[in-house]
Amino acid sequence: MTKLIDAPARPGRPAGPGRGGPAGGTGPGGGGTRRNVGSGIRNLMTSPKYGPVMVTAVLFVAVFVIGGVRYRGFFSGQVFLNLLVDNSYLIVLAVGMTFVILTGGIDLSVGAVVALSGMIAASLLQTGWSPGAVIPLILVLTSVLGLLVGLMIHVFKVQPFIATLAAMFLARGLCYVISQSSIAITDPTFVQLAVARIPLGGGLSITASVIIALVVVALAVWVLHATRFGRTVYAIGGGETSGLLMGLPVARTKVLVYVISGFCSGLAGVLFTFYTLSGYPLTAIGTELDAIAAVVIGGTLLTGGYGFVLGSVLGVLVLGVIQTIITFEGTLSSWWTRIFIGVLLLVFIILQKVLTARRR
Amino acid sequence: MSALLARIVAHRLFWPVVMLVVLLVINLVAFPGFFTISVRDGHLFGSLIDILRNGAPTLIIAVGMTLVIATRGIDLSVGAVAAISGAVACSIILGSPEPGSLATVAVAVTVALVISLVLGVWNGFLVAVIGIQPIIATLILMTAGRGVAMLITEGQILTVNSPPFKFLGSGFWFGVPIAVIIAAVVFGVAALVTRRTALGMFIESVGINPEASRQSGVRARGLLVVVYTFCAFCAAIAGLILTANTAAADANNTGLFIELDAILAVVIGGTSLAGGRYSLLGTLVGALVIQTLVTTVYTVGIPPIATMVFKAAVVTVVCLLQSPTTAEAFSGFRRRLAIRAGKGAAAS
Amino acid sequence: MNQAPPAPVVEMRDISISFPGVKALDGVDFRMFPGEVHSLMGENGAGKSTLIKALTGVYGIDAGTITLAGDRVSFSGPAQAQAAGISTVYQEVNLLPNLSVAENIMLGREPRRLGSIGWRAMRRRAAELLAGLNLDIDPGSLLGDHSLAVQQLVAIARAIDVQAKVLILDEPTSSLDADEVAELFRVIRSLKEQGVAILFVSHFLDQVYEICDRLTVLRNGKLVGEYLVDELLRIDLVQKMIGKELTTLDDLEQRARSVVVDDSDAAVFVNAAGLGRRGAINPADLPIAAGEVVGLAGLLGSGRTEFARLLGGIDRADAGELTIGGRPTKLRTPRQAIAHRIAFSSENRRDEGIVGDLTVRDNIVLALQADRGWFRPIPKKRQDELAQSYIQALNIRPGNPDALVRNLSGGNQQKVLLARWLAIAPRLLILDEPTRGIDIGAKAEIQKLVFNLAENGMSVLFISAELEEVLRLSHRIVVLRDRHVVADLENDGLTVDSLLALIADGSVESDEPVRDVAAAASVTAASVTGHTEDPTADHPAPTTADHTEGGRR
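Here the structure is a predicted model, which means the values were calculated and not measured. (Residues numbered from 1 in each chain as written. Chains lettered and ligands numbered in written order. Predicted model: local features only at pLDDT ≥ 70, side-chain atom pairs only at ≥ 80, totals over all residues. Heavy atoms only, no water.)

(A) Highlighting the overall build of chain B. The number of helices and strands found in chain B is 15 helices and six strands. Relative to its 348 residues, chain B shows a buried fraction of 55%. Total accessible area on chain B is roughly 14,400 Å²; 71% of this is exposed by carbon and sulfur atoms. (Helix = DSSP H or I, 4+ residues; strand = E, 2+ residues; numbered from the N terminus. Buried < 20%, exposed > 50% of the residue type's maximum accessible area, 1.4 Å probe, protein only. Areas by Shrake-Rupley, 256 points an atom, 1.4 Å probe, with all protein chains shown as cover.)

So, in structure tokens, the structure goes:
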């Protein structure tokens, strides 16, 4: 203590490694001067808060550069934008999953809920409903499913993975109940929404999905970093009892994160349907793993408490760029993606383990 | 008399068995010939035999899962391991000049099982040595495992034409389906080994109180590695049966969701997800409940594909019944009842 | 603090709290005055934690009244108590290491604008509070990046931000070094000047005497008395805390002292030379001869448990040498200790002892079986014999080997643990508080057993908070204080009073442990500090209830 209290008397000793970190953390930066950039960077890389996300950022840039060097036409703006276009649904899923994992929970139901949303959309649109009614209905239904899961976890103390497992079974089963085969979507408004390209100039364009995903990300960043609810999410991950003793609304927050995850899964399902323009009960199997992987690779600790939404977005982009490289490579088959994801998961989980153990 | 009844009701297998009986009765009502077992071509046939045969892979994995769960763990990777073992066996058989020879199949099966041991040690290593939470440690193999299986099958569905291999899945021995015999052997070996050696006691002891076990000199690390390895081994056996049954290795669909069925079987069987006391017999009943549920859905005429909705309902009900909140509510209710009864007795 | 203080800000009268099977507090009075530092003293199970939890609204009270600043109050939760001006800083810092210092101080009442947290205002307010505590750290830095001491001060900053009338510091110094304690005391003094009533709970006598004005002593859930610190001698305080419990086992005492133990080197079974572990116990020597009962005496937190854990292989020593049977040995795991026939029976019966959901039989054979390995199971018949013989020998009730251990009473659970360790035929048996929280009958049985074991050549290291018990059973007594061994004495002419003197005032000026009674008793205090090892040990767990019928005589 005295060492730290005396810090001003000993120039060159930063008061805490948190200084000078990315401003996204706990709001604007700490205002400390960077007396020792070298040790500052080292501290940043070994902090459980910033370390993994820094590694991810470096990884993303490295992979993108490697791709650019190896393949003609890889290093273009549109390739990057297509990462967003192709993965907008996964970004939204990862946002919801980030909330859940930050509290130390997990949501295994998201893939099945994506499929269910697609099935609901396709079947209702087929019977002539308007997209203006269908999409809100999906979002409400999936949020309610999330609410039920949250109540099961909080009130009945069911382990998150079991509760969300039940939700996964339910959602996947309902898919089959709706239809066992693929339903194509022909509703002109919906198709228009899905395929319309929004030009950005210079021959670049994005889709509506990207804009929706980015809005969700922006909202999530604000909620997590600037509202009491958001800080309580972090508090639960840091220590639920401490949060309770500090008078934070732990119970409500714990339920709400699953509602958010349900909502995000529903929205991701809609975006996924934009992408595929059909509903198919077997679709998006294993997508929950992609979402979890993106969140973990994005630097969120699986035990909760540390992590950023923007990190998860970065995680999705890493997965996306690996997929793109595999496409560009041509000779590599798509299953390599899964293996890469597994390896990355392993690396990041061990990294987390090392960083948190070092702190203890 | 009522004391005996109370003891039966309090038995941990009471509710699982009731569930099983209810399902069987529903079947009997919907399909009066349900319990008939006939002998055709020297083989046993009938709905009950089908339940046993189709439930065998789930049961085999659930046996391994029971031990893992008893140590406070979980293994999500069993489906992927099953897919890998099927893929390995089929690719070896396909690559051999004599796919139909017994030797080829023996080699294929052995290699597949040995690989599963490696995968199990890997899971155990991550959990016991590195100290990663089991759900996360096994998530890694769950994610990467199917990719590895795809790699082995090169993305194809490998169809093999090998009678000895097919025999594993759909053969009969003394009239009994081979799959059922294998499941019985796995179950028996697991029960015998854990109860005849000290393994069972150590598994429970580590699951109930890890620190007290450590201070008593129980080696938890080795124990965990063994348990995860055994679970992967079980998964591989199940994978081989599933693959042999269709004579095709499908990296995407072999053992899909089977980890969930296995966990469900364990939970229905009364082994708590919090670890500790386990019941292999309970797991057996649990696996039968699940398979009977699937069959019931068929016989009653609900689209078979909706089974998952019923499974969801079962998971939810079982979890809510096991929940401490429910237990509290129940005991509160009982206490009020008792108080009321006491007052009534005092008044009379 | 000699003039009459103003009206008390907290007044608790006739407080009683019962848990199933045990009366945790029995008609206790307690008061606190503004601008005073008050200490609550007592050994394990005295009821300190329970009293604090009653005051902070964690527990409801069964009887009695609580008055805060003249008003009768009844809190239904910590939040209410906090709103009324009672703030608590717990021993394990109950803050969030993953959030910033500012958030840890302000969360829950953070300034907000349009739904957003006002980060700037929050940081400014936090900086002011930190400055008030003379703590120069960046409010934006992560709490987890700071030392425990700083975290403790942050917790205090949080506590005083709610305009606390009463500040409760529960074991705040247990993990701080001397400089850090000085810094904390500076803060406490400045709060005291502002008129805050402070409850300071600590096992460090020295600190209590340095900072506190008044103290209340509890023992076994009952009030012993309230004293002004200046008017109470340390030795009297220790005596009041420990109390004296007279039992009918004086004959044992006589016999124990008459036994002659072979002190020659050849007979020494275990010899610790400079054995220590940072933050737990300073390097110390301890030879234990075969057939010798060595008692470890000292207050809770003196290092008595920590030292024993090193000998039992539970924790690894990071200094010194251990010789077992003449061979230098390193114990890395309990397993290795067991292989050397050293058994350690933990004081924490529930968390480190019994395996509650296993049967009595399984619990008894567990260590023996673990030593034999997985594939040499003890035959069922042999297991039954073992279980039956120990059930009879130790009078375990109920005598059903298939009963689940968690359903047994505390005393019987303790006997099952003893049976587990006796089953491995130990050459050294380490018993950490084996008689705590069990009834007098079971206690006597366990004491007799220890004595008989030693007569048959087994070495015993015996730890107990009850000095009579230590005196009665031990051939030699080692006194610990401040994580040092301060005396190592033959149990010859020692009395409770001479031990009390050593525990309260024994010197650590010389590095050599005192080997002589007279010298030891005459040494005066230089510094007295201690350390606590178990934050939860203080409140009585339901398991401490004992209903052994057969154990009574």
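(B) Here's a closer look at the interface of chain C and chain B. Chain C puts 30 residues into the contact, and the matching count from chain B is 22 residues. Taken as a group, Arg335(C), Leu366(C) and Trp374(C) account for 31% of the area that chain C buries against chain B, more than any other trio of residues on that side. The interface formed by chain C and chain B holds nine residue pairs in polar contact (both at pLDDT 80 or more) in total. Residue assignment for the side of chain C that touches chain B shows that the elements contributing at least two residues are α11 (334–339), α12 (349–353), α13 (360–372) and α15 (410–423) of chain C. (Contact = heavy atoms within 4.5 Å. Buried area = accessible area lost by both parts, 1.4 Å probe. Polar contact = N/O pair within 3.5 Å; in protein donor to acceptor, adjacent residues only side chain to side chain.)

(C) Inspection of helix α5 (residues 110–126) of chain A at higher detail. All names here are of chain A. Taking 1.5 Å per residue as the helical rise, α5 with its 17 residues ought to reach 24 Å, and the 24 Å between its terminal C-alpha atoms agrees with that figure. The buried fraction of α5 amounts to 16 of the 17 residues, a majority that puts the element mostly inside the structure. Once α5 finishes, Gly128 follows within two positions and takes phi at roughly 100°, a positive value. (Expected span 1.5 Å × (residues − 1).)

(D) Structural view of the interface of chain B and chain A. At the interface, 43 residues of chain B touch 36 residues of chain A. Buried area between chain B and chain A, summed over both chains or domains, comes out near 3,500 Å², and the portion from carbon and sulfur atoms is 86%. Counting across the chain B and chain A interface gives zero salt bridges. Between chain B and chain A we count zero residue pairs in polar contact (both at pLDDT 80 or more) in total. Looking at the side of chain B that touches chain A, the elements that each hand over two or more residues are α5 (102–130), α6 (134–153), α12 (258–268), α14 (307–322) and α15 (324–347) of chain B. With 11 residues, the top contributor of residues to the side of chain B that touches chain A is α6(B). Split into classes, the residues belonging to the side of chain B that touches chain A amount to 31 nonpolar, nine polar and three charged. (Salt bridge = Lys/Arg side-chain N within 4 Å of Asp/Glu carboxyl O. Nonpolar A, V, L, I, M, F, W, Y, C, P; charged D, E, K, R; others polar.)

(E) Layout of a positive patch on the surface. Together, Arg221(B), Arg277(C), Arg316(C), Lys330(C) and Arg332(C) make up a positively charged patch on the protein surface. Summarising the element assignment, Lys330(C) is placed in the loop between β17 (327–329) and α11. (Patch = residues over 30% accessible without salt bridge, like charges linked within 9 Å, V, L, I, M, F, W, Y side chains within 5 Å. Lys, Arg positive; Asp, Glu negative; His and termini not counted. Charge placed at Lys NZ, Arg CZ, Asp CG, Glu CD.)

(F) Structural detail: the pattern of salt bridges. All names here are of chain C. As enumerated under the stated definition, the model contains 29 salt bridges over all chains in all. Linking Asp213 and Lys192 is a salt bridge whose minimum nitrogen-to-oxygen distance equals 3.3 Å. Within this pair, whereas Asp213 is found in the loop between α7 (205–211) and β11 (214–219), its partner Lys192 is found in helix α6 (residues 178–193), the two being separated by 21 residues in sequence. Its relative accessible area of 11% is what places Asp213 among the buried residues. A salt bridge links Arg304 to Glu433, with the nearest nitrogen and oxygen atoms 2.8 Å apart. Remark: Glu433 occurs in the loop between β19 (428–432) and α16 (440–455) and Arg304 occurs in helix α10 (residues 304–311); sequence separation between them is 129 residues. Ionic contacts of the salt-bridge type, sharing partners, join the residues Arg31, Glu36, Arg214 and Glu226 into one network.

(G) Up close: the packing of helix α7 (residues 163–170) of chain B against helix α8 (residues 178–196) of chain B. All names here are of chain B. α8 packs onto α7 with a crossing angle of 70° between their chain directions and a minimal axis gap of 5 Å. Taken together, the axes of α7 and α8 are roughly perpendicular relative to one another. Side by side, α7 and α8 meet where Phe167, Leu168 and Gly169 of the first sit next to Ile178, Ala179 and Ile182 of the second. Residues of the contact of α7 with α8, tallied by class, amount to five nonpolar, one polar and no charged. (Axes fitted to C-alpha atoms, helices over the stretch in contact; angles between N-to-C directions. Parallel < 35°, antiparallel > 145°, perpendicular 65-115°, else oblique.)

(H) The nonpolar core, seen in detail. Membership of the largest hydrophobic core comes to 338 residues, with the highest contact counts inside it found for Phe165(B), Ile263(B), Val154(C), Ile156(C) and Leu167(C). No fewer than three residues from each of domain 1 (10–242) and domain 2 (250–544) of chain C sit in this core. Excluding anything up to four places from it in sequence, Ile156(C) contacts Val89(C), Leu133(C), Leu167(C), Leu169(C), Leu184(C), Val187(C) and Leu191(C). Among the nonpolar cores identified, the runner-up in size contains 30 residues, and Leu40(C), Ile52(C), Leu55(C) and Ala81(C) belong to it. (Core = buried A, V, L, I, M, F, W, Y, C linked by side-chain atoms within 4.5 Å. Domains from an automatic or database assignment.)

(I) Spotlight on the side chain of Thr305(C). Looking at where Thr305(C) falls in the secondary structure, it is placed in helix α10. On the accessibility criterion, Thr305(C) (5% relative accessible area) is buried.

(J) View of helix α12 (residues 250–276) of chain A. Helix length check: α12(A) (27 residues) gives 39 Å between terminal C-alpha atoms against 39 Å at 1.5 Å per residue, within 8%. Within α12(A), 20 of the 27 residues are buried, which leaves the element mostly enclosed by the surrounding structure.

(K) Spatial organisation of a nonpolar patch on the surface. A grouping of Val140(A), Val144(A), Leu147(A), Leu148(A), Leu151(A) and Val155(A) is seen on the molecular surface, where their side chains present a nonpolar patch of about 460 Å² in accessible area. Tracing the sequence through the fold places Leu147(A) in helix α6 (residues 131–155).

(L) Representation of the confidence of the model for chain B within the structure. Per-residue pLDDT for chain B has a mean of 86; in total, 94% of the residues score no lower than 70. The weakest mean pLDDT in chain B belongs to α15(B) at 66; the strongest belongs to helix α11 (residues 220–246) of chain B at 94. (pLDDT = per-residue confidence, 0-100.)

(M) Quick look at the environment of Glu180(C). Locating Glu180(C) in the fold gives a position in helix α6. Sequence separation between Glu180(C) and Leu148(C) is 32 residues, and the spatial gap between their C-alpha atoms is 9.8 Å.

(N) Local environment of the pairing of strand β22 (residues 484–490) of chain C. All names here are of chain C. Most of β22 sits inside the fold, with five of its seven residues counted as buried. The pairing of strand β21 (residues 476–481) with β22 spans six bridges and is classified as antiparallel. Looking at the pairing, Arg481 lines up with His484 of β22. With antiparallel pairing between neighbouring strands as the criterion, β21 and β22 make up a hairpin whose turn holds two residues, including Asp482 at a positive phi of roughly 60°. (Pairing = 2+ DSSP bridges.)

(O) Fine view of the pairing of strand β20 (residues 459–463) of chain C. All names here are of chain C. Judged by how many residues are buried, β20 sits mostly within the fold: five of five residues are covered. Of the two faces of β20, both are covered, the one formed by Ser459, Leu461 and Ile463 as well as the one formed by Val460 and Phe462. In this sheet, β20 lies alongside strand β15 (residues 293–297) in parallel orientation, the contact comprising four bridges. Looking across to β20, one finds that Val293 is bridged to Val460. As defined by bridge partners, β19 adjoins β20 across five bridges and the pair is classed as parallel. Bridging from a neighbouring strand, Asp432 pairs with Ile463 of β20.

(P) Here's a closer look at the packing of aromatic side chains. Here the structure, examined in full by the defined rule, presents 10 aromatic pairs over all chains. Ring centres of Phe60(A) and Phe80(A) lie 6.4 Å apart, and the angle between their planes is 65°; on these two criteria the pair is classed as edge-to-face. Of this pair, Phe60(A) sits in helix α3 (residues 51–70) while Phe80(A) sits in helix α4 (residues 77–102); the two residues are 20 residues apart in sequence, bridging distant segments of the chain. Since its relative accessible area comes to 29%, Phe80(A) is described here as partly exposed. Between Trp374(C) and Phe375(C), the aromatic rings sit 6.1 Å apart at their centres with planes inclined by 70°, giving edge-to-face as the arrangement. The class of Trp374(C) is buried, set by a relative accessible area of 16%. Under the relative-accessibility criterion, Phe375(C) is labelled exposed at 57%. Here the aromatic residues Phe60(A), Phe64(A) and Phe80(A) are joined through ring pairs into a cluster of three or more. Above the ring of Tyr234(A), the side-chain terminus of Arg231(A) is found at 4.7 Å from the ring centroid. (Phe/Tyr/Trp six-rings, centres within 6.5 Å; stacked < 30°, edge-to-face > 60°. Lys NZ or Arg CZ within 6 Å of the ring centre and 35° of its normal.)

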